Amino acid sequence: MTHEPGMDLNEVLNRLALKAVMLSPDDLPALGAFLEELEGLKDRLSEEGPEDAGTVVDQLLTVVQRLVLQEIPAALEAVELLGQGVALLQQLAAGRSPQACPEDWQAYLRLLAGVMGTEPPAADTGVEEGETASATPAPAPAFDDPELVANFLTEAGEHLEGIETRLVYLEQHPDDLEAVNAIFRPFHTIKGVAGFLNLDQIQAAGHELESLLDRVRSGTLKVTPELVDTILFGVDLLREMLADLSEALAASRPLQVFDLSSLAARIAALADTPSPTPRLGEILVQEGDLGPEELEAALERQRQEEPGRPLGEILVDQGKVAPKKVAQALVQQLSEVKAEAASPAAIKVDLAKLDTLVDLMGELVIVQSQVRQNPAVLAAADQKLVRDLGQMARITTELQKISMSLRMVPIGATLRRMTRLVRDLAHKTGKLVSLHLEGEDTEIDRNMVEAIYDPLVHLVRNAVDHGLETPEERQAQGKPPEGRLVLRAYHKGGSVILDIEDDGRGLNRAAILAKARERGLVGAGELSPAQIDHLIFEPGFSTASQVTEVSGRGVGMDVVKQTVERLRGKIDIHSRPGEGTRFSLRLPLTLAIIDGLVVRVASERYILPTVAVRESLRPSREDYFTVEGKGELIRVRQLLLPLVRLHRLLGLTGPVPDPWEALILVVEHEGHCRAFLVDEILGKQEVVIKSLGQLLQNRPGLAGGTILGDGRVGLILDLGGVFSLAG
């Protein structure tokens, strides 16, 4: 490696230290780059380096070379050694002799001996081994920097959450070694930062789990349910430690002592099972670089004469395979672990600033629309002005899209959080459940992601507890014993659709209807299947014969309904007896903007959610009826729909037109349809939602307001409130 001309030795070492932090035993390109840096440093030190530095560099070179050849079983410790070695080189470059920091040198030499399997080399540190132990300084207080500890708590919690969801995915995809890496890395981070903060117990637990996963990565352990259980046990233990750390930080008290022996015992109990990762010899034979007989002969020599010596070295010594071919096979073997996808550069931004930016963008869009619709501008004959305004509109729209996208996050993390829930529920209920996630990359507003978590939990719990049958019941019906539960997310028509679909027994409409009549929720009249299905969202409604620890109290579905309505979404239910049920949650992409239909009622303008409007029509005089006890009705094809005169309902003055002289909007809400009477449809547009303020915020039938392009205020109708007012 040729370092940049003029680069200071300290700069070179700092860069090397950074590379050491980022090293991973299976990252051959990074190890190669590190090796190159070391070789360049060796040449540099031969000219100007401090005493002892050359020895350390030689030792590090040997370690890296053996790491590349996979000759070091304790690969993680070897990587740690590289970091320690570079740190010692920095100390030497700063003029600090080994006698000035004997503990660091003794620790380095002990680790070196452990990694290389040799006796610790003598080093003139000026301190005997026995003295080192007694001279070891007492651990520094854990809360020297409370802010750092607080940041660690937040990040460690996020890491554990990610680990938990990925673990259950890994259990379902045991051959996905990238998933292993995705779990290994956060443990490595937790361990490293905990060590930096002197949080010894967390560091020790993280190290145990990291080492366990490293055995999976190296192929000495298979992913089994027992292994996943053990790591989940470790996650729970770490979570307890973090909770204790949080309390200790707040109360300025000592940390609680946790017993790590149970975790160590569970790890020790895991049997070493060979991994299906292809071996070096198999790859060479597969690539045609080596014959099966030659491989068998080399393996026999390894077994009989040179046990412990890497097969690659034996083959190269025998001249059977070129060193380059061995190296390529090693890379291919490691490439089974998929390369980590390059993550785009990112920074953390205060969410409040982001919300302010989005709000300001909404204001900008409104003002821009007002400018374009200004009568003076519309009357202007200046073509350049028209072009400039068009360009400004395009840029404003693009800016709005970008600002909105800043708050959009993939829904995958929320879906994956359900995997452990399903796993635990399946164990509790004695059912077999196969969970399938689809559309994990579907993006949705960050605030929406948090809001839909509870509804998802309730729907998933009900699907497993009530929807899916036991294995015996399923087999008796000719179904596979394992039930299928699908969580699916996708974009459709400017909304996010979230499906929760099972192949279980379906809704028992007879039982639902009987229960509803027993509670007096419905009369003796006939209800459509959709209306019966929606009865399950009534507060306290449950057809379960007994309350279990999972569900049955009839409160979950009520929460689902309230939450989805608060998010301006809707729920559709599709259920077939014996075939299963699908709950479809249609949610807006964002809470800040609504796709609305602008209508005129008298002299006012109102916005209806487009998703709820099924059709618009102008009925004939013959399609209008009045029925005693049911009020005014409009016939839409074969259906008679109650007429809702918005003029009267909203308290507007002036003449109300007859239906055949105005327009009818067929609006659907919770399986019910109404015919809304309006004067005119003014258009369809995305509007930025504004709160109504204290004066109007609790008025029934209104969900919010917006400023339209002409500067006038439009009120957004709350369909639930309007349906209730209409009766």
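Here, the structure is the one placed above.
As the structure is a computational prediction, the values presented were derived from the model and not from experiment. (Residues numbered from 1 in each chain as written. Predicted model: local features only at pLDDT ≥ 70, side-chain atom pairs only at ≥ 80, totals over all residues. Heavy atoms only, no water.)

### Things to note about the overall build of the protein chain
Across its full length, the protein chain carries 28 helices and 18 strands. Going through the 727 residues of the protein chain one by one, you find that 44% of them count as buried. A separation of at least 24 residues holds for 66% of the contacts in the protein chain among residues at least 6 apart in sequence. Of the accessible surface of the protein chain, which amounts to about 37,000 Å², a share of 52% is contributed by carbon and sulfur atoms. (Helix = DSSP H or I, 4+ residues; strand = E, 2+ residues; numbered from the N terminus. Buried < 20%, exposed > 50% of the residue type's maximum accessible area, 1.4 Å probe, protein only. Contact = heavy atoms within 4.5 Å. Areas by Shrake-Rupley, 256 points an atom, 1.4 Å probe, with all protein chains shown as cover.)

### Looking at the sheet that holds strand 7 (residues 580–588)
If you trace the five strands from one edge of the open sheet to the other, you get 2-4-5-7-6, paired in mixed fashion. Since the sheet does not close on itself, it has two edges, and those belong to strand 2 (432–438) and strand 6 (570–576), each with one partner. Adjacent strand axes in the sheet meet at a mean angle of 15° when their direction is disregarded. As paired elements, strand 4 (residues 482–492) and strand 5 (residues 495–502) share eight bridges and run antiparallel to each other. Of the residues in strand 5, the one forming a bridge with Val486 is Glu501. (Pairing = 2+ DSSP bridges. Axes fitted to C-alpha atoms, helices over the stretch in contact; angles between N-to-C directions.)

### Digging into the sheet that holds strand 14 (residues 663–669)
Pairing between sheet strands relies on hydrogen bonds along the backbone, with the strands arranged either parallel or antiparallel. The strand order across the open sheet built from six strands is 10-14-15-13-12-11, with neighbouring strands paired in mixed fashion. Lying at the two open borders of the sheet, with one neighbouring strand each, are strand 10 (613–617) and strand 11 (624–627). Sheet twist, expressed as the average angle between the axes of neighbouring strands with direction ignored, equals 35°. Bridge analysis of strand 13 (residues 639–645) against strand 15 (residues 672–678) gives three bridges, and the strand direction is parallel. Paired with Arg645 across the two strands is Leu677, which belongs to strand 15.

### Some details on the packing of helix 19 (residues 412–429) against helix 21 (residues 453–467)
Two measures define how a pair of helices packs: the angle their axes make with one another and the distance between the axes. The N-to-C vectors of helix 19 and helix 21 enclose an angle of 30°; their axes lie 10 Å apart at closest approach. Taken as axis vectors, helix 19 and helix 21 run roughly parallel relative to one another. When you trace helix 19 past helix 21, the crossing you get is right-handed. Of helix 21, the residues touching helix 19 (which contributes Thr414, Leu415, Arg417, Met418, Leu421, Val422, Leu425, Ala426 and Thr429) are Tyr453, Leu456, Val457, Val460, Arg461, Val464 and Asp465. (Parallel < 35°, antiparallel > 145°, perpendicular 65-115°, else oblique. Left-handed = near helix turned anticlockwise from the far one by under 90°.)

### Some points on the packing of aromatic side chains
Enumeration according to the criterion identifies three aromatic pairs in this entry. For the pair Trp105 and Tyr108, a centre-to-centre distance of 6.4 Å together with 80° between the ring planes defines the contact as edge-to-face. Residue Trp105 and its partner Tyr108 are located together in helix 5 (residues 102–116), separated by three residues, close to a single helical turn. Looking at Tyr108, the relative accessible area reads 1%, which means it is buried. Where Tyr624 meets Trp660, the ring centres are 5.6 Å apart and the plane angle is 65°; that geometry is what we call edge-to-face. With Tyr624 in strand 11 and Trp660 in the loop between helix 26 (646–649) and strand 14, this pair connects stretches of sequence that are 36 residues apart. Of the residues examined, Trp660 reaches a relative accessible area of 19% and is grouped as buried. One cation-aromatic arrangement involves Arg266 over Phe233; the distance from NZ or CZ to the ring centre is 4.5 Å. (Phe/Tyr/Trp six-rings, centres within 6.5 Å; stacked < 30°, edge-to-face > 60°. Lys NZ or Arg CZ within 6 Å of the ring centre and 35° of its normal.)

### Quick notes on the environment of Leu67
Turning to its location among the elements, Leu67 is positioned in helix 3 (residues 53–68). A relative accessible area of 4% means that Leu67 is categorised as buried. Residues Leu67 and Leu28, spaced 39 residues apart in sequence, show a C-alpha to C-alpha distance of 9.0 Å.

### Here we look at the nonpolar core
Note that soluble globular proteins tend to have their nonpolar side chains buried in a common cluster. Leu485, Leu498, Phe583 and Leu585 are the most contacted members of the largest nonpolar core, which totals 46 residues. With residues near it in sequence (within four places) discarded, Leu485 still touches Val422, Val433, Ser434, Leu435, His436, Val460, Ala463, Val464, Ile500, Glu501 and Asp502. The next biggest cluster of nonpolar side chains, apart from the first, holds 42 residues, and it includes Phe152, Ala205, Val235 and Phe258. (Core = buried A, V, L, I, M, F, W, Y, C linked by side-chain atoms within 4.5 Å.)

### A look at the pattern of salt bridges
It is possible for side chains bearing opposite charge to pair when their charged atoms get close. According to the stated counting rule, one finds 20 salt bridges in the structure shown. Close ionic contact of Asp388 with Lys384 constitutes a salt bridge, the shortest N to O distance being 3.0 Å. Of the two residues, Asp388 and Lys384 both sit in helix 18 (residues 383–406), four residues apart, roughly one turn of that helix. For Lys384, a relative accessible area of 49% corresponds to the partly exposed category. Each of the salt bridges in this network shares a partner with another, and the network as a whole consists of Glu438, Arg488, Asp499, Glu501 and Arg582. (Salt bridge = Lys/Arg side-chain N within 4 Å of Asp/Glu carboxyl O.)

### Let's talk about the side chain of Asp244
Residue placement: Asp244 occurs in helix 10 (residues 225–251). In contact with Asp244, not counting residues within four places along its chain, are Arg253, Leu255, Gln256 and Phe258.

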